[in-house]
Amino acid sequence: PSIFATDKIQTRIEAAMAAGATWAGNPEQTDVVQEILALGPSLDAVFECCGDQEALDQAVELLKPGGKLLILGIPENDELAFNAHTLRRREIILQNVRRQNNCTPQALELIAEQKVDVDFMATHSFSLEKTQEAFELVSNYHDGVIKAMISLP
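The paragraphs below set out a description of the structure included in this document. What you see is a predicted model; the values in this text were computed from it and never measured.

Definitions and limits used
Residues numbered from 1 in each chain as written. Predicted model: local features only at pLDDT ≥ 70, side-chain atom pairs only at ≥ 80, totals over all residues. Heavy atoms only, no water. Core = buried A, V, L, I, M, F, W, Y, C linked by side-chain atoms within 4.5 Å. Buried < 20%, exposed > 50% of the residue type's maximum accessible area, 1.4 Å probe, protein only. Helix = DSSP H or I, 4+ residues; strand = E, 2+ residues; numbered from the N terminus. Contact = heavy atoms within 4.5 Å. Patch = residues over 30% accessible without salt bridge, like charges linked within 9 Å, V, L, I, M, F, W, Y side chains within 5 Å. Areas by Shrake-Rupley, 256 points an atom, 1.4 Å probe, with all protein chains shown as cover. Salt bridge = Lys/Arg side-chain N within 4 Å of Asp/Glu carboxyl O. Lys, Arg positive; Asp, Glu negative; His and termini not counted. Charge placed at Lys NZ, Arg CZ, Asp CG, Glu CD. Disulfide = S-S within 2.5 Å. Pairing = 2+ DSSP bridges. Axes fitted to C-alpha atoms, helices over the stretch in contact; angles between N-to-C directions.

## Details of the nonpolar core
(1) Moving on: Counting residues in hydrophobic clusters, the biggest one holds 15 residues, and the most contacted among them are Ile-36, Leu-43, Val-46, Leu-62, Leu-63, Leu-69 and Ile-92.
(2) Moving on: When residues of this core are traced back to their parent elements, those giving at least two are helix H2 (32–38), strand E3 (43–48), helix H3 (53–62) and strand E4 (63–71).
(3) Moving on: Apart from the residues within four sequence positions on either side, Ile-92 is in contact with Leu-63, Lys-64, Gly-67, Leu-69 and Leu-87.

Here it is, written out as structure tokens:
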């Protein structure tokens, strides 16, 4: 299967490609919808992970009729907007995903059995005493951070 990724941070684009993405690009530098659709047919599913309205609009454009939009991102506003006629005509399926909803044991099992490699995402490590520094790094997307790990003594 083809995997496409978009991000506004170059190091994350590079990480996606290194992890096996078919294509990755920055929506501030390229028309991601045009680029992705030029590589093949519309998509079966889109995981929207940033909560940004523009990303949601792009996701709907990328989906094939009957495609599924999984909303993982937490939007800054309480309301999202969709063109109801587009969703209806194309029979787009919307699914909200709460990332901690009964998935932690299965995720840990996949990692323990080495069925998925998540090591590339742990780009920084901090001691418990430097937790605030880690949160600041992550919230400001500095130093190429993808995920910062907090180590217990």
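## What to know about a negative patch on the surface
(1) Moving on: A grouping of Asp-31, Glu-35, Glu-54, Asp-57 and Glu-61 is seen on the molecular surface, where their side chains present a negatively charged patch.
(2) Moving on: Judged by relative accessible area, Glu-35 falls into the partly exposed class, the value being 35%.

## A look at the pattern of salt bridges
(1) Moving on: Summed over the entire model, instances satisfying the criterion amount to three salt bridges.
(2) Moving on: Between Lys-64 and Asp-44 there is a salt bridge; the shortest N-O distance is 2.5 Å. Note that Lys-64 is positioned in strand E4 and Asp-44 in strand E3, a separation of 20 residues in sequence.
(3) Moving on: Residue Lys-64 is classed as partly exposed on the basis of its relative accessible area of 33%.

## Some thoughts on the state of the cysteines
(1) Moving on: Taken as a whole and assessed by the stated rule, the structure comprises zero disulfides.
(2) Moving on: Distance from the sulfur of Cys-50, which forms no disulfide, to the nearest cysteine sulfur (Cys-49) is 7.7 Å.

## Describing the side chain of Glu-48
(1) Moving on: Inspection of the secondary structure assignment puts Glu-48 in strand E3.
(2) Moving on: The buried category is assigned to Glu-48, whose relative accessible area is 3%.

## Here's the deal with the sheet that holds E4
(1) Moving on: Within the open sheet, the three strands sit side by side as E3-E4-E5. Their pairing is parallel. Across the chains shown, the open sheet's two edge strands, defined by having one partner strand only, are E3 and strand E5 (93–96). Mean inter-strand twist for the sheet, computed between neighbouring axes without regard to direction, equals 15°.
(2) Moving on: Looking at chain direction, E4 and E5 are connected through four bridges and run parallel. Paired with Lys-68 across the two strands is Ile-93, which belongs to E5.
(3) Moving on: Across the sheet, H3 touches E3 and E4, and the angle it forms with E4 is around 150°.

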